[in-house]
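# Architecture and fold: a report
Each chain is listed here by its residues.
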Amino acid sequence: MSAVRAARVAATAVIPAELLLVLCVASGVRLPGWALAATEALVLGVLLLEARVIRSLYGAARARGADPAGARREAVRAVVPVAVRRLLLHELRAVASLGRWVLRREHGVRPGDVTAGYTGPQTAMMYGLVFVSVVETVALAFLIPWPAVHRVVLVLDVYGILLVLALHAACVTRPHVVRPDGSLRIRYGALFDLTVPADAVTSVRVDRRYPEGRLVTLSDDPEGGDAEVLDLIVGSQTTVTLELNRPLEFRRPLGARARARTIRFHADDPRALVTALRQPAPP
């Protein structure tokens, strides 16, 4: 196995392994000291391996004449899997959305745009998660007898609460957007972003559905072909159905690409969004 491949495998495997270990400790499973020490040594070894491989690839790219920024991007992309990179990027964008939320500033909204929020079905759930996480943090402070483990779990719990708030903030500050030219930008926080050109829309209607599945769910096109139906589910529901005259390609949260000819998504006020899309574009 090459050094690059080993670094990619290690980066993909070590994070879930350490998370599992932390969850075991937080659940009260008494682990021997050597297990904790071995895990931390493994993490340190992976970081050193990643740094060595990235430095080697960076030097090779610079030797070929690449500029420093381009060489860094090339080295990181070769070592860190795209799913890991996208997860980190999503987290950074979500955390940055906390500032926008406090300042009441929306992302990607220009004068003349019509916005449509979609956080209604999930708001209570998000705040419920924050409340449960706070209670759990306080409870674990009394239940975990090891000071070192308690500090680690406290940091993870606080970070988890921050991420829940950041995810909700990203959804609030990144609404769906109808442009004056009739195009539509469909979003879910920093995880999903698809722009639908005005000339691709065949029909749009209010259509409340309660599909099962994850945030981004694909199903077979009822008319056949290789395109699929995309459900962007918020709070187990969608309220708008968009029919297209051609399949549009989009990127899923972890980087995989797919195509869809029918898009179903949620808007808190679907009638207002549909009305804005049906208005003729200015000449």
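A brief structural summary. (Residues numbered from 1 in each chain as written. Predicted model: local features only at pLDDT ≥ 70, side-chain atom pairs only at ≥ 80, totals over all residues. Heavy atoms only, no water.)

### Side note on the overall build of the protein chain
For the record, the criterion: Helix numbers and strand numbers start at the N terminus; a helix is a DSSP run of H or I with at least 4 residues, a strand a run of E with at least 2. For the exposure calls, accessible area comes from a 1.4 Å probe over protein chains only, and a residue counts as buried if that area is under 20% of its type's maximum, exposed if over 50%, partly exposed in between. Contacts are assigned to residue pairs with any non-hydrogen atoms lying within 4.5 Å of each other. Areas reported as accessible are Shrake-Rupley estimates using a 1.4 Å probe. Residue values count occlusion only from the protein chains shown.
Check the secondary structure of the protein chain and you find 7 helices and 9 strands. Looking at the protein chain as a whole, 37% of its 283 residues qualify as buried. Residue pairs at least 24 apart in sequence account for 67% of intrachain contacts in the protein chain once pairs closer than 6 positions are excluded. Carbon and sulfur atoms make up 62% of the accessible area of the protein chain, which amounts to about 16100 Å² in all.

### Side note on helix H7 (residues 270–278)
For clarity, the threshold we go by: The arc refers to the directions leading from the helix axis to the C-beta atoms.
Inspection of H7 places Pro270, Leu273, Val274, Ala276 and Leu277 among the buried residues, and these make up the whole buried set. The buried residues of H7 occupy an angular sector of 160° when projected down its axis, which confines them to one face. Turned more than 90 degrees from where H7 packs its buried face, Arg271 and Arg278 sit exposed. Buried residues belonging to H7 abut strand E1 (114–116), strand E2 (176–178), strand E3 (184–188), strand E5 (201–209), strand E8 (238–251) and strand E9 (257–265).

### Thoughts on the sheet that holds E9
Our working definition: Strands pair, by our definition, only if DSSP identifies at least two bridges between them. To define axes, lines are fitted to C-alpha atoms, for helices over the stretch in contact only, and angles between the resulting N-to-C directions are given on a 0 to 180 degree scale.
The 5 strands are arranged E5-E8-E9-E7-E6 in an open sheet whose pairing can be described as mixed. Two strands close off the open sheet at either side, each with one partner strand: E5 and strand E6 (216–220). The mean angle between the axes of side-by-side strands here comes to 35°, regardless of whether they run parallel or antiparallel. Where E6 meets strand E7 (residues 228–232), 5 bridges bridge the pair, whose relative direction is antiparallel. Across the sheet, Asp220 pairs through a bridge with Glu228, a residue of E7. Sheet strands touched by H7: E5, E8 and E9. Its angle to E5, the strand with the most contacts, is close to 175°.

### Here's the deal with the pairing of E7
Counting buried positions along E7 gives 4 out of 5 residues, so the element sits mostly inside the fold. Relative to E9, E7 is paired through 5 bridges, and the arrangement is parallel. By the bridge assignment, Val229 is partnered in E9 with Thr262.

### Notes on the environment of Ala256
Within the secondary structure layout, Ala256 lies in the loop between E8 and E9. According to the relative accessible area criterion, Ala256 is partly exposed, its value standing at 43%.

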